[in-house]
Amino acid sequence: MLVSHTPAAVSVSFDEENLVSATGLVPVMRLAQNAGLHELADEWISVPGDKGANAGLKVAALIAGMVAGADSVDDMAVLRHGGMKKIFTGCYAPSTLGSFLRSFTFGHVRQLDAVGSRLLVNLARRVPLFGTPTGEDFIFIDVDDTTVEVHGYQKHGSGYGYSGVRGLNALLATASTKNTAPVIIGQRLRKGAANSARGAKKFVTEALGTLKRTGVAGPVLCRFDSADYGHRAVSAALAGGADVSVTVRMNPVVKRAIAAIDEAVWVPIQYTNAVFDEATEAWVSVAEVAEVPFTAFASKKKDEQVTGRLIVRRIPELNPKAVDGQPTLFDTHRFHAFFTTVDAEVLDTVAVDQTHRKHAIIEQVNADLKDSALAHLPSGHFGANSAWLVTAVMAYNLTRAAGVLAEGLFAKARTGTIRAKLINVPARIASSARKIRLHLPDSWPWQAAWENLYTATHAPPQAA
């Protein structure tokens, strides 16, 4: 592509008052309005003084900026260009929104948590975030934490955790089905050196409560990594009516259980470089899986012990000391084990192993957030950063809901894709007969999806 005019034939001026660059915010913020965002924030958030005035509009402004791609307070200036004030109320200056965030204490963050969970419940009632569940397929809750890197020593609560990176620790819980992209049903910001399992019992209980209020039907499976292999997280999931699937640490008890597995029960699985043998209708693979009955937390009281299945996947270990012509004396393997309470009649050994490995879907959510609003934690104030995380999660869920309404590939697209193709669409504002008309680009490649989203959020009110 070449510029079709010479430099002398092109001039630039920033003087168009009827142009907006993020027209997709119109249907998205209408969706938020229909879901009661403003009323929820006004009802629940009690930040004192002038800084807390119009909490609903300020929270909505923060979410709108994040949906449009803002990853710092200064980026909220994207709300104040061209004709934005002609189609939106509450286009606050970044300084105003920054002062609002810095007024948050721990209690105010918990109030914002309440707003976020209720917003998700309202969205789920209007948008099929979980598809059309049959009531038989699993609803997966994945719990994991991630470190958001920060720089400088003035970030309150920052420190070095398990990753060796200076930052703050964000704990997330996502919910998804086999056919839908995950939404976030729980979040918590913690100091950088926080243990991964800190507060796991309460966090899992609240996440299950939020999922229950969405009204989605079906069995629930909570998937954890080894950091959450403890009685608190597992017992909270079981008490909430869910099954668990949790990676175990290779302690002596687990090693003895693995050593007791009969060699004849190992089954090849479809894994890296696996080949399907049509004659035997089986996979030929170096990776194998087996299971053995197992009691987790056997050192605790009898009523705190949990019985289930220990699923073990083994892969040949490449001995770095082996040389050509002199192989190792014994075959050695790397073992990956996890504990599950899912009944074998529901998911057999191979199926439950495949299901557990899909816990990695939460890493895509972490990456998605860090590619947008969570690229930075913008304040030195811990309360402000905690509120920023909750707001970022609401923006993520709202964008995800918009993608579902747009239909097609956008139902499972990354929020960055939705932002580029449906949100950040330029338009010119025209007024006629006291009505506003938005003129979007001709031949926009994703016009049909944009119109689907607009029609779904601007439908006439339904009869009671």
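In what follows, the structure referred to is the one given above.
Residues numbered from 1 in each chain as written. Predicted model: local features only at pLDDT ≥ 70, side-chain atom pairs only at ≥ 80, totals over all residues. Heavy atoms only, no water.

Trainee: Would you explain the pattern of salt bridges in this entry?
Mentor: A side chain with one charge may pair with a side chain of the opposite charge, provided their charged atoms come close. Counted by the stated rule, this structure contains 13 salt bridges. The salt bridge partner of Glu206 is Arg110, with a shortest N-O separation of 2.7 Å. One end of the pair, Glu206, is in helix α7 (residues 200–213); the other, Arg110, is in helix α6 (residues 106–126), with 96 residues separating them in the sequence. Two residues, Arg190 and Asp145, come together in a salt bridge whose shortest N-O distance is 3.6 Å. Taken together, the residues span a long stretch of sequence, with Arg190 in strand β5 (residues 183–190) and Asp145 in strand β2 (residues 139–149) at a distance of 45 residues. Classification of Arg190 as buried rests on a relative accessible area of 6%. (Salt bridge = Lys/Arg side-chain N within 4 Å of Asp/Glu carboxyl O. Helix = DSSP H or I, 4+ residues; strand = E, 2+ residues; numbered from the N terminus. Buried < 20%, exposed > 50% of the residue type's maximum accessible area, 1.4 Å probe, protein only.)

Trainee: What should I look at first to understand the nonpolar core in this one?
Mentor: Side chains that are nonpolar tend, in soluble globular proteins, to be buried together. Residues Leu25, Leu129 and Leu310 are the most contacted members of the largest nonpolar core, which totals 125 residues. The dominant element in this core, judged by the number of residues it contributes, is helix α12 (residues 382–406), at 16 residues. If we ignore the near neighbours within four places in the chain, the residues touching Leu310 are Val248, Val254, Ala257, Ile258, Ala290, Glu291, Val292, Phe294, Ala337, Phe338 and Phe339. Residues Phe140, Val289, Phe338 and Val342 belong to the second largest nonpolar core, which totals twelve residues. (Core = buried A, V, L, I, M, F, W, Y, C linked by side-chain atoms within 4.5 Å. Contact = heavy atoms within 4.5 Å.)

Trainee: Mind showing me how you'd approach a nonpolar patch on the surface here?
Mentor: Among the surface-exposed residues, Val10, Val12 and Phe14 lie close enough to one another that they form a single nonpolar patch of about 410 Å² accessible area. Relative to the assigned elements, Phe14 resides in the segment before β1 (19–20). We classify Phe14 as exposed; its relative accessible area is 86%. (Patch = residues over 30% accessible without salt bridge, like charges linked within 9 Å, V, L, I, M, F, W, Y side chains within 5 Å. Areas by Shrake-Rupley, 256 points an atom, 1.4 Å probe, with all protein chains shown as cover.)

Trainee: Can you help me understand the packing of aromatic side chains in this one?
Mentor: Two aromatic rings, taken as a pair, are described by how far apart their centres are and by the angle between their planes. For the structure on display, the rule yields seven aromatic pairs. Here the guanidinium or amino end of Lys58 rests over the ring plane of Tyr92, the centre of that ring lying 5.8 Å away. Between Arg314 and the ring centre of Trp266, over which it is positioned, the NZ or CZ distance is 4.3 Å. (Phe/Tyr/Trp six-rings, centres within 6.5 Å; stacked < 30°, edge-to-face > 60°. Lys NZ or Arg CZ within 6 Å of the ring centre and 35° of its normal.)

Trainee: Please explain the sheet that holds strand β15 (residues 435–439) as it appears in this structure.
Mentor: The pairing of strands in a sheet comes from backbone hydrogen bonds and takes either a parallel or an antiparallel form. In spatial order, the strands read β1-β14-β15; together these three strands make up an open sheet with antiparallel pairing. Two strands bound the open sheet, and with one partner strand each, they are β1 and β15. Relative to β15, strand β14 (residues 427–432) runs antiparallel, the two sharing five bridges. In the sheet register, Ser431 faces β15, and the bridge partner there is Ile436. (Pairing = 2+ DSSP bridges.)

Trainee: Is there a simple way to think about the pairing of β5 in this case?
Mentor: Side chains on a regular strand alternate between the two faces of the sheet. Most of β5 sits inside the fold, with eight of its eight residues counted as buried. Pairing geometry for strand β4 (residues 166–176) and β5, over seven bridges, is antiparallel. Across the sheet, residue Thr174 finds its bridge partner in β5, namely Ile184. Hairpin remark: β4 followed by β5, antiparallel, with six residues in the connecting loop.

Trainee: Help me out: how do you make sense of the packing of α6 against α12 in this one?
Mentor: Angle between the axes and distance between the axes: these two values describe a pair of packed helices. Running from N to C, α6 and α12 point in directions that differ by 5 degrees, and their axes come no closer than 10 Å. By the criterion of interaxial angle, the relationship of α6 to α12 is roughly parallel. In contact with Val109, Leu112, Asp113, Val115, Gly116, Leu119, Leu120 and Leu123 of α6, α12 contributes Gly383, Ser386, Ala387, Val390, Thr391, Met394, Asn397, Leu398 and Ala401. Of the residues in the contact of α6 with α12, the class split is eleven nonpolar, five polar and one charged. (Axes fitted to C-alpha atoms, helices over the stretch in contact; angles between N-to-C directions. Parallel < 35°, antiparallel > 145°, perpendicular 65-115°, else oblique. Nonpolar A, V, L, I, M, F, W, Y, C, P; charged D, E, K, R; others polar.)

Trainee: Please explain helix α8 (residues 231–239) as it appears in this structure.
Mentor: Residue pairs spaced three or four apart in an α-helix point in one direction, given the helix's 3.6 residues per turn. For α8, every residue scored as buried is listed here: His231, Ala233, Val234, Ser235, Ala236 and Ala237. Once α8 finishes, Gly241 follows within two positions and takes phi at roughly 90 degrees, a positive value.

Trainee: Would you take a moment to explain the environment of Ala200 for this structure?
Mentor: Inspection of the secondary structure assignment puts Ala200 in helix α7. For the pair Ala200 and Phe410, spaced 210 residues apart in sequence, the C-alpha to C-alpha distance is 33 Å. Apart from residues lying up to four places away in sequence, Ala200 is in contact with Asp228 and Ala233.

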